[in-house]
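Geometric and topological summary
Read off the chains here:
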Amino acid sequence: MKIRIGIIVAILSISVLVAMPLLRAQEPPPQPATPPAAPRAPVPPVPPLPPMDPLGDVMFPPDLIMGHARELGLTDEQKAFMRGEIQRTTTHFLELQWQLQDAMEALHQTMKSNAVDEQQALAQLDKVLETERQIKRLHFSLGIRLKNQLTAEQQGKLRGMRMAPPPAGQPRPGEQL
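What you are looking at is a predicted structure, and each value in this text was computed from that prediction instead of being measured.

Digging into the nonpolar core
Listed in full, the 11 residues of the largest apolar core are Phe60, Leu64, Ile65, Ala69, Leu72, Leu74, Met82, Leu142, Leu146, Leu150 and Leu158. Mapped onto this core, the elements with two or more residues apiece are helix H2 (62-67), helix H3 (69-72) and helix H5 (118-149). Core analysis: the next-biggest nonpolar cluster, separate from the first, contains seven residues, Leu96, Leu107, Ile135 and Leu138 among them.

Now the structure itself:
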């Protein structure tokens, strides 16, 4: 019985010794006594900058173009061309997306085993990368075809829309509220 009590006391002691540094780490650091600072004007929060797109200043997303068709003064021919190109690209994109999913599943299956056949895994990775390359090329070629349909004036308006801050409460094209 004395041994049991000794073991319990030892376990409790060790638990307290281990827990003390953890509890201290959770306490806020003591604040130095400083006189209150003069009230400052509130600083408005700065939205995070989007990742830098090296071609962002020369390419225009389809949703930006089509979302401002009236402001840009797109002709009926331009709109019809762009809708057709976007439709064809979307259909092809979906096919490539399914191919990519199949290739990723095959790569995952290859990588499951404890000993991976390197040649087989790399060959499967090449299929994944090739499909990703095709998807990027598809999007890029759509951007080129749409840009080539825009006049220099329309492109200038789009650049201005991209650079101008949106009205209060309005997200930029492609942003979520």
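Remarks on the pattern of salt bridges
Opposite charge on two side chains lets them pair, provided their charged atoms get close. Evaluation of the coordinates by the stated rule reveals five salt bridges. Arg145 is the salt-bridge partner of Glu85, the closest N and O atoms lying 2.4 Å from each other. Taken together, the residues span a long stretch of sequence, with Glu85 in helix H4 (residues 76-111) and Arg145 in helix H5 at a distance of 60 residues. Looking at Glu85, the relative accessible area reads 9%, which means it is buried. Here Lys157 ties to Glu153 by a salt bridge, and the two come within 3.8 Å at their closest N and O atoms. Taken together, the residues span about one helical turn, with Lys157 and Glu153 both in helix H6 (residues 152-163) at a distance of four residues. By relative accessible area, which is 32% here, Lys157 ends up partly exposed. Residue Glu153 is classed as exposed on the basis of its relative accessible area, which comes to 57%. Each of the salt bridges in this network shares a partner with another, and the network as a whole consists of Glu85, Arg88 and Arg145.

A short note on the packing of H4 against H5
Geometry of a packed helix pair, given as the angle between the helix axes and the separation of the axes. Relative orientation of the contacting elements H4 and H5 amounts to 170°, with a least axis distance of 9 Å. On the basis of the axis angle, H4 is roughly antiparallel to H5. A breakdown of the residues in the contact of H4 with H5 according to their chemical character gives 18 nonpolar, 12 polar and four charged.

Looking at the confidence of the model for the protein chain
For the protein chain, the mean per-residue pLDDT works out to 80, and 63% of the residues sit at or above 70. Between the elements of the protein chain, mean pLDDT differs from a low of 51, seen in helix H1 (residues 2-26), to a high of 97, seen in H4. This stretch, residues 16-23, has a pLDDT under 50; its non-local contacts, to residues over four places away or in other chains, come to zero contacts.

Let's talk about H5
In a regular helix each residue adds 1.5 Å, so 32 residues correspond to 46 Å; H5 covers 47 Å between its end C-alpha atoms and thus fits that length. Buried within H5 we find Ala121, Gln124, Val128, Thr131, Ile135, Leu138, Leu142, Gly143, Leu146 and Lys147. For H5, the N-terminal capping position is held by Asp117, with its side-chain oxygen 3.2 Å away from the main-chain nitrogen of Gln119.

Comments concerning H4
Taking 1.5 Å of rise per residue, 36 residues should cover 52 Å, and H4 covers 51 Å from first to last C-alpha, within 8% of that figure. Taken as a whole, H4 has its buried residues at Gln78, Met82, Glu85, Thr89, Leu96, Leu100, Ala103, Leu107 and Thr110. Against the buried residues of H4 lie H2, H5 and H6.

Focus: the side chain of Thr131
Tracing the chain through its elements places Thr131 in helix H5. Residue class for Thr131 comes out buried when judged on its relative accessible area of 7%. If near-sequence neighbours (up to four positions away) are discounted, Thr131 is found in contact with Leu96, Gln99 and Leu100.

What about a nonpolar patch on the surface?
A cluster of nonpolar side chains, namely Leu55, Val58, Phe140 and Ile144, defines an oily patch on the protein surface of about 290 Å² accessible area. Of the residues examined, Leu55 reaches a relative accessible area of 38% and is grouped as partly exposed.

Some remarks on the side chain of Thr89
By the element assignment, Thr89 lies in helix H4. When its relative accessible area of 5% is taken as the criterion, Thr89 is described as buried. Among residues more than four places away in sequence, those in contact with Thr89 are Leu138, Leu142 and Arg145.

Scoring rules and cut-offs
Residues numbered from 1 in each chain as written. Predicted model: local features only at pLDDT ≥ 70, side-chain atom pairs only at ≥ 80, totals over all residues. Heavy atoms only, no water. Core = buried A, V, L, I, M, F, W, Y, C linked by side-chain atoms within 4.5 Å. Buried < 20%, exposed > 50% of the residue type's maximum accessible area, 1.4 Å probe, protein only. Helix = DSSP H or I, 4+ residues; strand = E, 2+ residues; numbered from the N terminus. Salt bridge = Lys/Arg side-chain N within 4 Å of Asp/Glu carboxyl O. Axes fitted to C-alpha atoms, helices over the stretch in contact; angles between N-to-C directions. Parallel < 35°, antiparallel > 145°, perpendicular 65-115°, else oblique. Nonpolar A, V, L, I, M, F, W, Y, C, P; charged D, E, K, R; others polar. pLDDT = per-residue confidence, 0-100. Contact = heavy atoms within 4.5 Å. Expected span 1.5 Å × (residues − 1). Polar contact = N/O pair within 3.5 Å; in protein donor to acceptor, adjacent residues only side chain to side chain. Patch = residues over 30% accessible without salt bridge, like charges linked within 9 Å, V, L, I, M, F, W, Y side chains within 5 Å. Areas by Shrake-Rupley, 256 points an atom, 1.4 Å probe, with all protein chains shown as cover.

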